[in-house]
Amino acid sequence: MIRLLAAVCVIIGAWGIGYSRSVTLKGRCRRIAACQDALLEIATNIRSLRMDLPDALAAAAAFDPLFGMAASYIEQIDATAAFIQAIAKSRLPEEEQEILTSFAKGLFAPDVEGQLQNVENCRLRLANLLQKAEKEQRRMGRVYSGIGAMGGLALVVLFL
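Just so it is clear, the model here is predicted, and its values are computed rather than measured.

1. Overview of the overall build of the chain
Point 1. If you tally the helices and strands in the chain, you get six helices and zero strands.
Point 2. Moving toward the C terminus, one meets the helices and strands of the chain in the order α-α-α-α-α-α.
Point 3. Here the chain has a C-alpha radius of gyration of 21 Å; the compact-globule value for 160 residues is 15 Å, and the former is much larger.
Point 4. Principal-axis analysis of the C-alpha atoms gives the chain an extent of 70 × 30 × 25 Å.
Point 5. Looking at the chain as a whole, 38% of its 160 residues qualify as buried.
Point 6. The long-range share in the chain, meaning contacts at least 24 apart out of those at least 6 apart in sequence, stands at 64%.
Point 7. Taking the average location of the 18 positive side-chain charges in the chain and that of its 16 negative ones, the two points are 13 Å from each other.

2. Here's the deal with the confidence of the model for the chain
Point 1. Chain-level statistics for the chain give a pLDDT mean of 88 and a share of 100% at 70 or above.
Point 2. Ranking the elements of the chain by mean pLDDT puts helix H2 (residues 53–60) last, at 87, and helix H5 (residues 94–105) first, at 91.

3. Side note on the packing of helix H4 (residues 79–90) against H5
Point 1. Look at H4 against H5: their axes get within 8 Å of each other, and the N-to-C directions meet at 165°. As summarised for this structure, H4 and H5 are arranged roughly antiparallel, according to the angle between their axes. Here H4 and H5 pass one another in a crossing that is right-handed. Residues Thr80, Phe83, Ile84 and Ile87 of H4 pack against Gln97, Leu100, Thr101, Phe103, Ala104 and Lys105 of H5.
Point 2. Among the residues making up the contact of H4 with H5, the classes are represented as six nonpolar, three polar and one charged.

4. Focus: the nonpolar core
Point 1. One finds Ile42, Leu57, Phe67, Phe83, Leu100, Phe103 and Leu126 to be the most contacted residues of the largest nonpolar core, which totals 36 residues.
Point 2. When residues of this core are traced back to their parent elements, those giving at least two are helix H1 (2–47), H2, helix H3 (65–74), H4, H5 and helix H6 (112–159).
Point 3. Broken down by element, the residue count for this core peaks at eight residues, all from H1.
Point 4. If we ignore the near neighbours within four places in the chain, the residues touching Phe83 are Leu57, Leu66, Phe67, Ala70, Leu100, Phe103, Ala104 and Leu107.

5. Regarding the state of the cysteines
Point 1. Under the definition given, this model contains zero disulfides.
Point 2. Cys122 supplies the cysteine sulfur nearest to Cys35, a cysteine that is in no disulfide, at a spacing of 7.7 Å.
Point 3. Cys35 gets classed as buried once you look at its relative accessible area, which sits at 3%.

6. A short note on unusual backbone geometry
Point 1. Phi is positive for Arg50, close to 55°, though the residue is something other than glycine.
Point 2. Here Arg50 is to be found in the loop between H1 and H2.
Point 3. Residue Arg91 is not a glycine yet carries a positive backbone phi of 55°.
Point 4. Mapped onto the elements, Arg91 comes out in the loop between H4 and H5.
Point 5. Given the relative accessible area of 76%, Arg91 is considered exposed.

7. Concerning H6
Point 1. The end-to-end C-alpha separation of H6 is 66 Å, in line with the 70 Å expected for 48 residues at 1.5 Å each.
Point 2. Of all the bends in H6, the greatest measures close to 30° and is centred on Met140.

8. Things to note about the side chain of Gln115
Point 1. Tracing the backbone shows Gln115 in helix H6.
Point 2. Leaving out residues up to four positions away in the same chain, Gln115 has contacts with Ile46, Leu107 and Ala109.

Definitions and cut-offs
Residues numbered from 1 in each chain as written. Predicted model: local features only at pLDDT ≥ 70, side-chain atom pairs only at ≥ 80, totals over all residues. Heavy atoms only, no water. Helix = DSSP H or I, 4+ residues; strand = E, 2+ residues; numbered from the N terminus. Rg over C-alpha atoms; globule rule 2.2 N^0.38 Å. Buried < 20%, exposed > 50% of the residue type's maximum accessible area, 1.4 Å probe, protein only. Contact = heavy atoms within 4.5 Å. Lys, Arg positive; Asp, Glu negative; His and termini not counted. Charge placed at Lys NZ, Arg CZ, Asp CG, Glu CD. pLDDT = per-residue confidence, 0-100. Axes fitted to C-alpha atoms, helices over the stretch in contact; angles between N-to-C directions. Parallel < 35°, antiparallel > 145°, perpendicular 65-115°, else oblique. Left-handed = near helix turned anticlockwise from the far one by under 90°. Nonpolar A, V, L, I, M, F, W, Y, C, P; charged D, E, K, R; others polar. Core = buried A, V, L, I, M, F, W, Y, C linked by side-chain atoms within 4.5 Å. Disulfide = S-S within 2.5 Å. Expected span 1.5 Å × (residues − 1). Bend = angle between axes of the 7 residues up to and from the residue.

Printed below as a string of structure tokens:
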């Protein structure tokens, strides 16, 4: 009975390790979607409410804390450096860092239309990245869970 309980615990534990990797992939998809929503909020606030950039970034923090962090840094340094510093502290994957860094470099567009175009370009690039991340999550999510369970089963067989 104890062996059976131990075997079940090993299988569930190994499956849990694989499942946690699957959850990480889902989290990445949610984070990219949140960045897209935050950028849409920035565009709406700039276009409709005529907010200045620091206030628009602060409003976008409701969707992703990265934007709130950038807004808090704007008080000490310029917008581009503030956003790049926030990106560096957020430990995002490299692809997302590159997209958001290019967005940060376009924050000093001379007019509202330039800022809105910068936001739209970043949203499009994030949409493409989100499609790839969702595809990877669908494909690899089940694989990670299955490998974890099979690895746990293999351990049980090995120890018996």
